[in-house]
Amino acid sequence: MAAEGCEEMSGNGELAESSAMEVSEVPMPPPTEMEEMSEENGGAAEAPEASVGPEPVSFSMPQAAEDEEGELPADFERLWKAAHDNPQEFTCWTDLLQYCEQEGHITASRRALEAFLARYPLCYGYWKKFADLERRAGYNNKAEEVCVQGLKVIPLSVDLWIHYINLLLGTLDMNLSESPTRIRSVFEDAVAASGLDFHSDRLWDLYIEWEKEQGNMKNAAAILDRVLKVPTQLYNTHYDKFKEHLNSHEPKEVLTQEEYEELRTYCRQSQKAERAEQAQEEEEERPPGEEEPATPEGTDTEELMQKIREQVLLRRDKVYQDNEGEVRKRWNFEDAIKRPYFHVKPLDRLQLRSWHSYLDWEIAQLNKDTKDPTSDQNEAAAEESEVTAQPQEGSEGSGVANDDNRVRILFERCLIACALYEELWNRYTQYLEAQSVDEARAVYKRACEIHLTYRPNIHMQWATFEERHGDLTEARRVLKALEKTLPGLAVVRLRRAALERRDGQLDQSEALLQEAVAESKENPTLHAFYSIKLARLLLKVGRNPSRARRILQDALEISPDNDKLHLNLLELEVSGDPWASAEAVQECVTRALAAPLAPHTKILFSQRGLQFAEDYSNSIQSVLSMYEEHQKLLKELGGTKRGAENGDEDPEKLSTGDDGSAADVSEQVPPTMPHVPITTPPPPVMGADMSAQAGYGGYSSWYQQPQYGSYGYQNTWNYNQGYYPPS
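Just so it is clear, the structure is predicted and the values come from calculations on it, not from any experiment.

With respect to the overall build of the protein chain
So, step 1. Secondary structure summary: the protein chain contains 30 helices and zero strands in total.
So, step 2. Within the protein chain, the proportion of its 727 residues that are buried is 48%.
So, step 3. Taking the intrachain contacts of the protein chain between residues at least 6 apart in sequence as the baseline, contacts between residues at least 24 apart amount to 69%.
So, step 4. As displayed, the protein chain offers around 35700 Å² of accessible surface, 48% of which is attributable to carbon and sulfur atoms.

Structural notes on helix α10 (residues 235–248)
So, step 1. The terminal C-alpha atoms of α10, which comprises 14 residues, lie 20 Å apart, in line with the 20 Å expected from a rise of 1.5 Å per residue.
So, step 2. The set of residues buried in α10 consists of Tyr-235, Asn-236, Thr-237, His-238, Tyr-239, Phe-242, His-245 and Leu-246.
So, step 3. Buried residues in α10 make contact with α8 (201–213), α9 (217–227), α11 (251–254) and α13 (302–336).

Things to note about the packing of helix α24 (residues 545–558) against helix α25 (residues 563–574)
So, step 1. Between α24 and α25, whose axes approach to 10 Å, the crossing angle comes to 160°. In terms of their interaxial angle, α24 and α25 are classed as roughly antiparallel. Here the hand of the crossing between α24 and α25 comes out left-handed. Across the interface between the two elements, Pro-545, Ala-548, Arg-549, Leu-552, Gln-553, Ala-555 and Leu-556 of α24 pack against Leu-565, His-566, Asn-568, Leu-569, Leu-572 and Glu-573 of α25.
So, step 2. A per-class count over the contact of α24 with α25 returns eight nonpolar, three polar and two charged.

Quick notes on the pattern of salt bridges
So, step 1. Scanning the model with the defined rule gives 45 salt bridges in all.
So, step 2. Put simply, Arg-549 and Glu-573 hold a salt bridge, and the shortest N to O gap is 2.6 Å. Within this pair, whereas Arg-549 is found in helix α24, its partner Glu-573 is found in helix α25, the two being separated by 24 residues in sequence.
So, step 3. Looking at Arg-549, the relative accessible area reads 26%, which means it is partly exposed.
So, step 4. Accessibility expressed as a relative area gives 5% for Glu-573, which makes it buried.
So, step 5. Lys-564 serves as the salt-bridge partner of Asp-563, at 3.6 Å between the closest nitrogen and oxygen. Across the pair, Lys-564 and Asp-563 agree in class, each one buried.

Notes on the environment of Phe-116
So, step 1. Tracing the backbone through its elements, the reader meets Phe-116 in helix α3 (residues 106–119).
So, step 2. Residue Phe-116 is classed as buried on the basis of its relative accessible area, which comes to 0%.
So, step 3. In this structure, the C-alpha to C-alpha distance between Phe-116 and Leu-96, residues 20 residues apart in sequence, is 9.4 Å.
So, step 4. In this structure, Phe-116 is in contact with Phe-90, Trp-93, Leu-97, Cys-123 and Tyr-126, ignoring residues within four places of it in sequence.

Structural notes on the packing of aromatic side chains
Each pair of aromatic rings is reported with the distance of its centres and the angle of its planes.
So, step 1. With the rule as written, the count across this model stands at 20 aromatic pairs.
So, step 2. When the ring of Phe-187 is compared with that of Trp-210, the centres are 5.7 Å apart and the planes differ by 40°; the resulting orientation is tilted. Here the residue Phe-187 occupies a position in helix α7 (residues 178–194), and Trp-210 occupies one in helix α8, the gap between them amounting to 23 residues. Per residue, the accessibility class of Phe-187 equals that of Trp-210, and both read buried.
So, step 3. Consider the rings of Phe-198 and Trp-331, whose centres lie 6.1 Å apart with planes at 75°: the pair is edge-to-face. A residue pair is termed long-range when its members are at least 10 positions apart, and Phe-198 in the loop between α7 and α8 and Trp-331 in helix α13 qualify at 133 residues. Each member of the pair, Phe-198 as well as Trp-331, is classed as buried.
So, step 4. Of the aromatic side chains, those joined through ring pairs into one cluster are Phe-90, Trp-93, Phe-116, Tyr-120, Tyr-126 and Phe-342.
So, step 5. Over the ring of Tyr-139 we find Lys-142; its NZ or CZ atom is 5.0 Å from the centre of that ring.

Section: α8
So, step 1. Taking 1.5 Å of rise per residue, the 13 residues of α8 would be expected to cover 18 Å, and the 18 Å separating its terminal C-alpha atoms lies within 8% of that figure.
So, step 2. Every buried residue of α8 is listed here: Asp-201, Arg-202, Leu-203, Trp-204, Asp-205, Tyr-207, Ile-208, Trp-210 and Glu-211.
So, step 3. Elements in contact with the buried residues of α8: α6 (158–171), α7, α9 and α10.

Some remarks on the nonpolar core
So, step 1. The biggest cluster of nonpolar side chains holds 85 residues, and the ones touching the most others in it are Phe-76, Leu-96, Phe-116, Tyr-120, Leu-203, Ile-308 and Phe-342.
So, step 2. Residues Trp-361, Tyr-431, Val-478 and Val-492 belong to the second largest nonpolar core, which totals 42 residues.

Some remarks on unusual backbone geometry
So, step 1. Phi at Arg-543 takes a positive value of approximately 55°, unusual for a residue other than glycine.
So, step 2. On the secondary structure map, Arg-543 appears in the loop between α23 (524–541) and α24.

Digging into the packing of α7 against α8
So, step 1. As a packed pair, α7 and α8 sit with axes 10 Å apart at the nearest point and diverge in direction by 155°. Between α7 and α8, the interaxial angle falls into the category roughly antiparallel. Like other packed secondary-structure pairs, α7 and α8 cross with a definite hand, here left-handed. Counted together, Pro-180, Ile-183, Arg-184, Phe-187, Glu-188, Ala-190, Val-191 and Ser-194 of α7 and Leu-203, Trp-204, Leu-206, Tyr-207, Trp-210 and Glu-211 of α8 form the full contact between these two elements.
So, step 2. Partitioning the contact of α7 with α8 into residue classes produces 10 nonpolar, one polar and three charged.

Looking at the confidence of the model for the protein chain
So, step 1. In the predicted model, the protein chain carries a mean pLDDT of 77, and 69% of its residues have values of at least 70.
So, step 2. Here residues 1–66 is modelled with pLDDT under 50, and outside its nearest four sequence neighbours on either side it reaches 178 contacts, counting other chains as well.
So, step 3. Predicted confidence is poor over residues 373–401, with pLDDT under 50, and the contacts of this stretch with residues over four places away or in other chains come to 35 contacts.

Description of the environment of Arg-264
So, step 1. Along the polypeptide, Arg-264 turns up in helix α12 (residues 257–285).
So, step 2. Its relative accessible area of 18% is what places Arg-264 among the buried residues.
So, step 3. Distance in space between the C-alpha atoms of Arg-264 and Ile-308 is 6.5 Å, their sequence separation being 44 residues.

What about the side chain of His-356?
So, step 1. Within the element layout of this structure, His-356 appears in helix α14 (residues 349–371).
So, step 2. Within the structure, the side chain of His-356 is placed 2.9 Å from the side chain of Arg-427, a separation counted as a polar contact.

With respect to the state of the cysteines
So, step 1. Taken as a whole and judged by the stated rule, the model has zero disulfides.
So, step 2. Among the cysteines around Cys-418, which has no disulfide bond, Cys-414 carries the closest sulfur, lying 4.0 Å off.
So, step 3. Residue Cys-418 is classed as buried on the basis of its relative accessible area, which comes to 0%.

Topic: the environment of Asp-554
So, step 1. Relative to the elements of secondary structure, Asp-554 occurs in helix α24.
So, step 2. Separated by 26 residues in sequence, Asp-554 and Ala-528 place their C-alpha atoms 9.7 Å apart.

Digging into the side chain of Arg-316
So, step 1. Secondary-structure assignment places Arg-316 in helix α13.
So, step 2. Here Glu-259 takes part through its side chain, which lies 2.5 Å from a polar atom of the side chain of Arg-316.

Calculation rules
Residues numbered from 1 in each chain as written. Predicted model: local features only at pLDDT ≥ 70, side-chain atom pairs only at ≥ 80, totals over all residues. Heavy atoms only, no water. Helix = DSSP H or I, 4+ residues; strand = E, 2+ residues; numbered from the N terminus. Buried < 20%, exposed > 50% of the residue type's maximum accessible area, 1.4 Å probe, protein only. Contact = heavy atoms within 4.5 Å. Areas by Shrake-Rupley, 256 points an atom, 1.4 Å probe, with all protein chains shown as cover. Expected span 1.5 Å × (residues − 1). Axes fitted to C-alpha atoms, helices over the stretch in contact; angles between N-to-C directions. Parallel < 35°, antiparallel > 145°, perpendicular 65-115°, else oblique. Left-handed = near helix turned anticlockwise from the far one by under 90°. Nonpolar A, V, L, I, M, F, W, Y, C, P; charged D, E, K, R; others polar. Salt bridge = Lys/Arg side-chain N within 4 Å of Asp/Glu carboxyl O. Phe/Tyr/Trp six-rings, centres within 6.5 Å; stacked < 30°, edge-to-face > 60°. Lys NZ or Arg CZ within 6 Å of the ring centre and 35° of its normal. Core = buried A, V, L, I, M, F, W, Y, C linked by side-chain atoms within 4.5 Å. pLDDT = per-residue confidence, 0-100. Polar contact = N/O pair within 3.5 Å; in protein donor to acceptor, adjacent residues only side chain to side chain. Disulfide = S-S within 2.5 Å.

Right, here's the structure in full:
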């Protein structure tokens, strides 16, 4: 389905585990061709402002802008139409993008990329392609806009951040005073968004090297201090670079003024104490009259500088050891993740389990830290005293301590590789809901409007979420939009009707079901289903049996052979006043016996009529009349009754065959039955073990049997689905 072979993986080479936990730098892979850009890396922390709705029903060509070329390439319209007619077919999009790139037509390429990225925004490689397209055409501002738009959708993409920064470095005039400030601001945004990613080393390194190029050695040291606390794949190289940076410059040039003065004072005192002790020893051995050699006050000797360096490394070594412990904890989890980037191809179950296990562990770490806040505070105080905190924005979130931000980063990473899996989106919303309803809502919005447009379950869970939190307007909008995207899905229409009923809007609920009944007349089975639902609403909630009766009778005119309609009409009649409804019950039975129903169903209706007469009739003559008619029907239809009573046939198999005809039972039992006197108790309901025998209100048990479930929806009914969060 998808094109093969994109190798741009944000530097995520496979991790080679060793005892020293060291890995070599992973070189940047070469850029690949457009048709190979199906495997993309990136993350999604928030949805774009313009939500992606359902596909347009009719095909339309995009309009040309003023700065675009006029005439489109010859095959563009054909490939464009193919992609929009099959929006979920990834190869149609890659064919369109490859053709536009080969033609070198900026207008065609721009429109194709815009449409593609609206549907597959996690493909960071195409954002880079788009930005390069604009830059080559001389539109540097548009290239920046493309990068910014892409980073709003996938702020975890280290590759896209680096691409954006390199774009700025190549287009900004660095002689202007505001240019370095802007670059530094972008770097800070980048490390705040993706600096906690396990594979963010290249971004940190680029930031450090840029500060060195600007001559800001203190800034470079401060960034190294921050990354020393972040568990990354190449964590050990950062410590080596810090040592090299410290040894290559005077401590005063790389340390903050406060830390330098503190260490300088400490080392001087230590040095002075050592010299005093040494001087005392030398004085005992010095000849009489010889004076102690003078030492210039206030001078910083090389020995003092070396002592300061030793103290700096002593402090950082504790941070490094703690960070190494965090890396070791995560190493096996990271090593188990083989596809950290987005792809339309499905993930195997082992990969999904790896993500779930990683999330379980990270959340457990957070909960463990939450249960013991005292120890965390002590550790934090110790770290603060050993390492001077950096005042730069985002430094607090870069600590080794397990916090909520780290769990969220892992969820966002997971939802890159698993963007097409509802279970991970549901898990993220459950995690966020306890903290912020708005954040959980934003995740639902991103999942349903971008990545899982055609997955009804998560849409219905979103609607349930909104209803549970009191936003019925949004719940209505979600269900209505889903029904527009997936028309004809019965479960969605029923959810809409149930929502209105729970809100007390019985008229709206009834109107939705009436509309469904009217629209489904061309499909008798679906029409009967909606008619039953509407009739039960009117009977049970609206307390209007006359309207419910009329709905079922109208439906029987369209589907006289639908046994469920007959059964529901019979239930309606027997549930009323037995003295007033005797004639109506008899009419229902007569209508069912005259309808083209299966023999066993007719026997069932006759049995029900006889039982009703036995229970409520005022005249023995009417009971005898019903009994004689029932016996006559049994003789006409064969020995079905006896077979069922003797348990020779499973009640759930008392439905018609695949061809709609009744099962031939004439060979199983004799074609006639002995006459049973009226003194014998009435025979039991067909299929004595059926729950329907408990009473006439047992409609739901018949309705839920397999033979009554073939309405043609996409899946089996499950009323718990979407109402309760999955376990």
